[in-house]
Amino acid sequence: METNKDSKPSNGTENNQETEIVSKSSQSELEEVLGTTFILPHHQPEVRCIFFAASWCPSCVEFTPTLIDFYNKANSKEKRLEIIWASLDQEEEGFKSYFEKMPWPAYRFQDPKILELKEKFEIKGIPKLLVLDSKGRQITKEGRAEIKTDPEGCLERWISQS
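Residues numbered from 1 in each chain as written. Predicted model: local features only at pLDDT ≥ 70, side-chain atom pairs only at ≥ 80, totals over all residues. Heavy atoms only, no water.

### Focus on unusual backbone geometry
Among all residues except glycine, the phi angle is most often negative; among peptide bonds, the trans geometry is most common.
1) Next: Following isoleucine 126, the chain continues to proline 127 via a peptide bond in cis, the omega torsion being 0 degrees.
2) Next: Topologically, proline 127 is positioned in the loop between helix H4 (112–120) and strand S3 (128–132).
3) Next: A positive phi is found at glutamate 122, a non-glycine position, where the angle reads about 50 degrees.
4) Next: Within the element layout of this structure, glutamate 122 appears in the loop between H4 and S3. (Helix = DSSP H or I, 4+ residues; strand = E, 2+ residues; numbered from the N terminus.)

Shown next, in the form of structure tokens:
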């Protein structure tokens, strides 16, 4: 479920009105992959990413400012990229403090959808930036490496494959 800066993250056991998707259209292939437990904007970005990371992971913490900069530049004129954080934190305090630094939505702390996605896309280590097309199909699991090696060209490449 999306957690935003104005609401307290939870363990997902509450029956919360935030679980509704803004768009009431029929469930898309993308929603089948990502789930429907966070609020999506009306304007859908061209590329969606899932950022598998944790507050206790030094490589994750080191990469996050680079990813924030990439995200902000990609969306400076119009929303072209959405990232959803899939936390692998085991402690909620670490989850909360790390999430405060992020400008994108996140699945709730220990949301079961995270493990489902981790298994579906065979995520073995973190940090991992999974890039998906508009139907939720994998473009690459190496989004982090691509941002580090070609920050100017990788978004355009992902959009062309979406």
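### Section: the environment of glutamate 146
1) Next: Positionally, glutamate 146 belongs in helix H5 (residues 143–149).
2) Next: Here the alpha-carbon distance between glutamate 146 and leucine 129, two residues 17 residues apart in the chain, equals 9.6 Å.
3) Next: Beyond its immediate stretch of four places on either side in the chain, glutamate 146 contacts Thr140, Pro151, Cys154, Arg157 and Trp158. (Contact = heavy atoms within 4.5 Å.)

### Observations concerning helix H2 (residues 58–74)
1) Next: For H2, built from 17 residues, the straight-helix expectation of 24 Å at 1.5 Å per residue is met to within 8% by its first-to-last C-alpha distance of 25 Å.
2) Next: Threonine 64 marks the point of greatest bend in H2, at about 30 degrees, and the proline proline 65 comes within the next four residues.
3) Next: When H2 is considered as a whole, its buried residues turn out to be Cys60, Phe63, Thr64, Leu67, Ile68, Phe70, Tyr71 and Ala74.
4) Next: For H2, the elements touching its buried residues are strand S1 (47–53), strand S2 (81–87), helix H3 (92–99), S3, H5 and helix H6 (154–161). (Expected span 1.5 Å × (residues − 1). Bend = angle between axes of the 7 residues up to and from the residue. Buried < 20%, exposed > 50% of the residue type's maximum accessible area, 1.4 Å probe, protein only.)

### Let's talk about the nonpolar core
1) Next: Counting 30 residues, the largest nonpolar core has Phe51, Leu67, Leu81, Trp85, Trp104 and Trp158 as the members making the most contacts within it.
2) Next: Elements with a contribution of two residues or more to this core: S1, H2, S2, H3, S3 and H6.
3) Next: Per-element tally for this core: the top contributor is H2, with seven residues.
4) Next: Formed by 13 residues, the second largest nonpolar core is a distinct cluster that contains Ile50, Phe52, Ala86 and Ile123. (Core = buried A, V, L, I, M, F, W, Y, C linked by side-chain atoms within 4.5 Å.)

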